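# Descriptive analysis of the structure
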Amino acid sequence: MTINYEDLPDQTSLLNEANGNRGGEMSLSALMNWSIQAFSGRINVGRIFISVSNAINGLNMNSKDPQYLGCCIQNHQQRRIVVSEFHVRAASLAINVPPKLISDALSSIGCCHWPEWRDKGQFNQMPTDLAVQWSVMLHFGHALAPYLPKSYSR
């Protein structure tokens, strides 16, 4: 199963933690409160597209190498990632090129686009913070890995 999302509700906190800043304390009551707000529609979590596939054929389940198993599963999931108009527009803002150029480039390297019947052009407000734009763009970062120097593609 692959879960594709457009926006994280707490993207700024995630970026702060990635930059080494300590996050807030976790608690069950805070999680429950957030869940109630999200399910009641008071927090916009963006659109989500869930893709479920058949079992992975040819996977050597007798392998004792967890890295091998993890890579096989991750590669399968990455092939099922879809890119929405929201991702394209955020990338366009991040690197200052037209959205059509981003969309065409992603298509040419094999990225799948969000299914048309689900993408009605209704998406969250575009992030204005450059770091957030880049983090949204990382949704399809795996597709760029083969085009990076070997030292960056891991």
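Reading guide: rules and limits
- Residues numbered from 1 in each chain as written.
- Predicted model: local features only at pLDDT ≥ 70, side-chain atom pairs only at ≥ 80, totals over all residues.
- Heavy atoms only, no water.
- Axes fitted to C-alpha atoms, helices over the stretch in contact; angles between N-to-C directions.
- Helix = DSSP H or I, 4+ residues; strand = E, 2+ residues; numbered from the N terminus.
- Parallel < 35°, antiparallel > 145°, perpendicular 65-115°, else oblique.
- Left-handed = near helix turned anticlockwise from the far one by under 90°.
- Contact = heavy atoms within 4.5 Å.
- Buried < 20%, exposed > 50% of the residue type's maximum accessible area, 1.4 Å probe, protein only.
- Core = buried A, V, L, I, M, F, W, Y, C linked by side-chain atoms within 4.5 Å.
- Patch = residues over 30% accessible without salt bridge, like charges linked within 9 Å, V, L, I, M, F, W, Y side chains within 5 Å.
- Areas by Shrake-Rupley, 256 points an atom, 1.4 Å probe, with all protein chains shown as cover.
- Salt bridge = Lys/Arg side-chain N within 4 Å of Asp/Glu carboxyl O.

## Focus: the packing of helix H4 (residues 85–95) against helix H6 (residues 130–137)
- The N-to-C vectors of H4 and H6 enclose an angle of 135 degrees; their axes lie 8 Å apart at closest approach. With respect to their mutual orientation, H4 and H6 come out oblique. Helix-helix and strand crossings are classified by hand; for H4 and H6 the assignment is left-handed. For the pair formed by H4 and H6, the contact residues are Phe86, His87, Ala90, Ala91, Leu93, Ala94 and Ile95 on the first element and Leu130, Gln133, Trp134, Val136 and Met137 on the second.

## Observations regarding the environment of Arg80
- Checked against the element boundaries, Arg80 lands in the loop between helix H3 (66–78) and strand E3 (82–83).
- You can call Arg80 partly exposed: its relative accessible area is 29%.
- Arg80 sits 79 residues away from Met1 along the chain, and the two C-alpha atoms are 8.6 Å apart.

## Quick notes on the nonpolar core
- Counting 10 residues, the largest nonpolar core is built from Val83, Val88, Ala91, Ala94, Ile102, Leu106, Cys111, Met137, Phe140 and Ala143.
- Secondary structure elements with two or more residues in this core: H4 and helix H5 (99–108).
- Counting residues per element, this core draws most heavily on H4, at 3 residues.

## What to know about a nonpolar patch on the surface
- The grouping of Met1, Ile3, Tyr5, Ile48, Ile50 and Val52 at the surface amounts to a nonpolar patch, some 610 Å² of accessible area in total.
- If you list the elements that add at least two residues to the nonpolar patch, you get strand E1 (2–5) and strand E2 (48–51).
- You can see Met1 is positioned in the segment before E1.

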